[in-house]
Structure formats: C-alpha cells, structure tokens
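Chain by chain, the residues run as shown.
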Amino acid sequence: MDDSGATSAGRAERPALMSETAHRAGRAGRARPAASAREATKGRLTFRDFLSVVGPGLISGGADNDPAGIATYSIVGATVGFGQNWLLFISTPMLIVVQQMSAKVANVTKSDLASLLRTTFGARVATPAVVLMVVANVITMGADLLAMGAALELLTGVKFIYWIVPLSAVMAGVTIFLDYKVVSKYMLWLVAVFGAYVVAALLARPDWGEVLRSTVMPRVSVSPGYMLGAVALLGTTITPYLFFWQASGEVEEKRGVQSLSRSNLDIAAGMIWSNVTAFFIIVATGAVLFSRHAHIHSAADAARALAPLAGPYATVMFSVGIIGAGLLAIPILASSAAFGVAGLAGWRKGLGRNPRNAPQFYVVIGIAFLVAMELAISAVDPIKALFYSQVLDGLIAPVLIVLLLILTSSRKLMGDFVNGLPTKVFGWAAAAVMILADVAVVYQAATQGLPA
C-alpha cells in the first residue's frame with residue numbers, strides 16, 4: 001500500500017470509527033441516563049468470576065517479566081541492592097492504570113492500538129511510535145533467546161548455541177499455527193512459573209527489615225548508573241509492547257464494554273503479580289550479589305552466582321524462571337510487533353485468524369523470529385542489547401502513555417467511558433515520572449557519558 005493510499009484509508013476509517021463509537025454511546029444515552037453506561041459495566045465480582053475472566057491482563061503481567069526484564073532486575077539488584085524497590089512500589093498503580101486504559105480503548109472502539117493511533121493522530125505520529133516499539137521488541141527477543149539458551153546450558157550442560165534454533169522454531173510454530181484460545185491457555189499456565197523467584201528470594205535469606213525500608217523510603221542517587229538503571233527498570237515495568245498486546249488481546253477475546261469491570265480485575269491481578277515477581281528478583285540478587293560486589297552480565301550469570309551463596313536450588317529456581325519467562329514473553333513480543341505493523345498498514349490481523357486469511361500479519365511474526373534468532377547467534381553483546389532495549393522502551397513509553405491519555409479522554413471517541421479523575425491522575429503521573437527519568441538520563445549522558 002502506498003503512502004497516499006494509506007493516508008486516504010486512514011481519513012476514511014477515522015470518521016467511520018468515530019461515528020460508530022458515537023452512535024454506540026448515543027444509544028446508551030437514549031436508553032438510560034448518561035452515567036448508566038458506566039454503571040452497566042459494574043457489579044460485584046466473586047472469586048469464581050475472577051477465575052472465569054483471567055486472560056490478557058494476567059498474561060500481560062507475566063510477559064512483563066521476560067528474560068530481558070529478569071536480567072534488568074537482576075542487574076539492578078546486583079548494582080544498587082534494594083535501592084530501587086521503591087520504584088516498583090510507586091509504579092504498580094501507574095502500570096495498572098496504563099494497561100486498563102489500553103484495554104478500555106480497545107473494548108469501546110473494537111480496534112487495536114496501532115490502528116487507533118493511525119486513524120486518530122495520523123501516520124506521522126503512529127509510524128515512529130510503532131517502528132520504535134518493533135525495534136525494541138526484536139532486540140529484546142534476541143536477548144531473551146540467548147538468556148533461555150544460557151539457562152538451559154546451566155541446567156543441562158548442552159552449549160547454549162544449540163538451543164537457539166529449536167526454541168525459535170517451537171515458539172514460532174505455536175504462535176503461527178495454533179489457535180489463539182489454545183495459545184492463551186498455554187500462556188496462562190506459564191504465568192505460574194514466576195513463583196520460582198519467590199522461592200529463590202527466600203533461599204537468599206535477605207534482611208527483610210532493610211528490604212521493607214528500601215521499598216517505602218526512596219533513596220535517590222544522581223550517578224549515571226543509578227539513573228540509567230531507573231529508566232531501564234521503569235522501561236521494563238511499564239513496557240510499550242504490552243500496551244499493544246493488551247489492546248489486541250481484548251479485541252481477540254471480544255470482551256466489549258459490558259466486561260470492563262472484569263477486564264480491570266484481570267489487569268490489576270496481572271500487574272500486581274508482575275511487580276511482586278520483579279520485587280523478589282531484586283531481593284534475591286540484592287541480598288546475595290550486591291553485598292558481595294558481584295558483577296553479572298546476564299540473568300544466567302545471576303542464577304549461576306546464587307549457587308555458592310544461596311544454594312543450588314536457588315540457581316535451579318532462577319533458571320526455570322528464565323526459561324518459563326521466555327516461553328511466555330517471546331511469542332507476545334513477536335505478536336505485538338505484528339499487531340503494530342498490521343494496524344499501521346491496515347492489514348487483516350489476529351491470532352485467531354488462519355494464516356491464509358492474514359498472511360502479512362503472520363509474515364511479520366516469522367520475520368521477527370528470524371531476525372531475533374540471528375541476533376541471538378551473532379556476535380552482538382547480549383547484555384548491552386538487552387539492557388539498552390529496556391532503556392529504549394523507557395524512552396518510548398511516556399510518549400505512548402500521553403497518546404493513550406488523549407485517546408481515552410476523548411468524549412467523541414469514548415462516549416460515556418472517558419477517563420475518570422483517578423485514571424487521569426495516575427496516568428499523567430506515570431508519564432511525568434518516566435519523562436523526568438528520561439531527562440535525567442539524557443543529561444547524564446550529555447555531561448558524563450553512559451556507564452559501561
């Protein structure tokens with residue numbers, strides 16, 4: 001599709017999308033008072049209801065802690081100890097709100113995030129946002145494959161390089177050829193693997209009083225390493241690709257506005273579990289590695305370093321967590337990249353579609369796996385690629401959060417489902433925190449250079 005065609009299609013699609021949403025909101029308004037559209041989505045939820053609605057939100061929470069994220073949290077724990085636990089604490093409600101906005105805009109408009117960015121803001125805004133997300137995703141996939149191979153080498157003794165191609169082939173096959181319902185069930189089971197990090201942290205025997213103090217009492221340093229670590233931590237916690245995956249997952253599930261309360265519960269559970277997992281990763285590495293000034297270069301290094309100090313079971317738990325995290329996150333990284341590109345180009349898309357019905361969408365997934373596999377077996381420094389991909393995510397995220405806030409605050413687009421005050425407060429707070437961290441990193445890089 002050429003640029004002029006894409007532009008004209010976008011212009012035609014935007015009014016249609018707006019009018020459809022406005023018509024939907026108008027019908028709700030004529031049938032009952034204006035506030036009732038929101039009220040219709042609320043209701044008392046039981047634990048049984050929760051079990052029936054877990055899906056994209058819980059999967060997103062698990063995918064948030066991919067091997068790249070595990071490595072980032074491990075490096076943070078090894079370099080600053082528990083000093084950035086407070087960032088996880090304050091980022092949790094922000095993460096929940098941002099993911100809930102991604103879900104809400106998809107459920108109201110029945111459209112994915114990339115398509116909404118294109119039809120609302122135009123290609124000039126949507127294209128760089130999607131392209132940067134795709135670049136970060138593919139780099140992260142390569143680093144994740146390498147981390148999984150290293151973890152399997154640690155457990156089996158088989159050289160990591162021999163695991164890269166089989167892992168890529170299996171995950172690509174599952175993502176491309178299995179139905180979304182099957183894939184989502186497989187992903188939900190993998191979320192449980194992150195309990196391994198709770199066990200690893202307990203085996204590390206940390207000073208829990210110090211852990212608690214660091215979590216509720218911020219300690220801020222202006223050193224380049226601390227600031228870069230903070231941006232990487234925020235970038236791997238509030239992750240751009242999850243915005244795209246969450247919106248697309250809601251469309252795949254066909255939840256709609258009638259299920260917003262259940263969707264919000266699903267997301268809150270997933271994001272809390274995500275940050276609890278990250279917390280225990282930092283506790284495990286901070287307790288064992290920081291106090292002994294150990295230097296690590298990957299998540300597998302962290303697992304290996306834990307053995308003589310926290311026992312062999314800590315190493316096994318850490319390694320199992322890395323493998324499970326990769327099996328969950330890599331298909332989501334590839335799929336969110338494909339959703340972004342397909343939404344930008346106006347192609348048919350969806351993991352519930354047969355590859356013959358959405359060939360371009362699945363081709364993008366295949367290409368993402370091939371490029372990531374090449375990165376994993378090449379001479380690229382894995383830890384630098386991994387760490388700086390998270391920094392790139394940290395730089396992209398505030399821009400996407402602001403765009404999400406604009407979308408979800410538009411009465412024309414959202415009808416009765418525009419953001420309330422709490423959502424606006426936490427959403428803009430998330431954007432402000434990440435912008436401040438980004439500015440600090442840029443200043444440090446300009447004046448003192450980046451740390452090695």
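Thresholds, definitions, all that
- Residues numbered from 1 in each chain as written.
- Predicted model: local features only at pLDDT ≥ 70, side-chain atom pairs only at ≥ 80, totals over all residues.
- Heavy atoms only, no water.
- Helix = DSSP H or I, 4+ residues; strand = E, 2+ residues; numbered from the N terminus.
- Contact = heavy atoms within 4.5 Å.
- Areas by Shrake-Rupley, 256 points an atom, 1.4 Å probe, with all protein chains shown as cover.
- pLDDT = per-residue confidence, 0-100.
- Buried < 20%, exposed > 50% of the residue type's maximum accessible area, 1.4 Å probe, protein only.
- Arc of directions from axis to C-beta.
- Axes fitted to C-alpha atoms, helices over the stretch in contact; angles between N-to-C directions.
- Parallel < 35°, antiparallel > 145°, perpendicular 65-115°, else oblique.
- Left-handed = near helix turned anticlockwise from the far one by under 90°.
- Core = buried A, V, L, I, M, F, W, Y, C linked by side-chain atoms within 4.5 Å.
- Salt bridge = Lys/Arg side-chain N within 4 Å of Asp/Glu carboxyl O.

**A few points about the overall build of the protein**
What the protein contains, in helices and strands, is 21 helices and zero strands. Taking all contacts inside the protein whose residues are at least 6 apart in sequence as the whole, residues at least 24 apart take part in 85%. Accessible surface computed for the protein: about 18,300 Å², of which carbon and sulfur atoms make up 67%.

**Let's talk about the environment of Leu-260**
Structurally, Leu-260 can be placed in helix 15 (residues 260-290). In sequence terms Leu-260 and Gln-100 are 160 residues apart; their C-alpha atoms lie 8.9 Å from each other.

**Digging into the confidence of the model for the protein**
A residue-level look at the protein finds 82% of positions with pLDDT of 70 or above and a mean pLDDT of 81. Per-residue pLDDT stays below 50 along residues 1-36; that stretch engages in 33 contacts with residues further than four places along the chain or on separate chains.

**Points about the environment of Ser-214**
For Ser-214, the location among the structural elements is in helix 12 (residues 208-216). Considered as a pair, Ser-214 and Leu-87 are 127 residues apart in the sequence and their alpha carbons are 9.8 Å apart. Excluding anything up to four places from it in sequence, Ser-214 contacts Phe-82, Asn-85, Trp-86 and Arg-219.

**Remarks on unusual backbone geometry**
Most peptide bonds take the trans form, and the phi angle of most residues other than glycine is negative. Although it is not a glycine, Lys-110 adopts a positive phi angle of roughly 60 degrees. Among the structural elements, Lys-110 can be located in the loop between helix 6 (85-109) and helix 7 (113-121). Located in the positive-phi region is Arg-205, a residue other than glycine, with phi close to 50 degrees. In this structure, Arg-205 sits in the loop between helix 11 (195-204) and helix 12.

**A few points about helix 11**
The set of residues buried in helix 11 consists of Ala-196, Tyr-197, Ala-200, Ala-201 and Ala-204. The arc enclosing the buried residues of helix 11, seen along the axis, measures out at 135 degrees, which places them on a common side. Remark: Arg-205 follows helix 11 within two positions and exhibits a positive phi of approximately 50 degrees.

**Some remarks on the packing of helix 6 against helix 15**
Relative to each other, helix 6 and helix 15 sit at 150 degrees, their axes nearing to 9 Å. It follows from the interaxial angle that helix 6 and helix 15 lie roughly antiparallel. At the point where helix 6 passes helix 15, the crossing takes the right-handed sense. On helix 15, the residues that touch Asn-85, Leu-88, Ser-91, Thr-92, Leu-95, Ile-96, Gln-99, Gln-100, Ala-103, Lys-104 and Asn-107 of helix 6 are Leu-260, Ser-263, Asn-264, Ile-267, Ala-268, Met-271, Ile-272, Asn-275, Ala-278, Phe-279, Ile-282 and Val-283.

**As for the nonpolar core**
Formed by 135 residues in total, the largest nonpolar core has its most connected members in Phe-318, Phe-361, Ile-365 and Ile-401. Here this core gets 16 residues from one element, more than from any other, and that element is helix 17 (residues 312-345).

**Considerations on the pattern of salt bridges**
One pass over the structure, following the stated rule, counts three salt bridges. A salt bridge links Asp-112 to Lys-349, with the nearest nitrogen and oxygen atoms 3.3 Å apart. Here the residue Asp-112 occupies a position in the loop between helix 6 and helix 7, and Lys-349 occupies one in the loop between helix 17 and helix 18 (359-377), the gap between them amounting to 237 residues. Linking Glu-210 and Arg-213 is a salt bridge whose minimum nitrogen-to-oxygen distance equals 3.1 Å. With a gap of three residues between them, Glu-210 and Arg-213 both fall in helix 12, about one helical turn apart. Residue classification places Arg-213 among the partly exposed residues on the basis of a relative accessible area of 40%.

**Quick word on the side chain of Thr-92**
Looking at where Thr-92 falls in the secondary structure, it is placed in helix 6. For Thr-92, the residues in contact, after removing those within four places along its chain, are Ile-272 and Asn-275.

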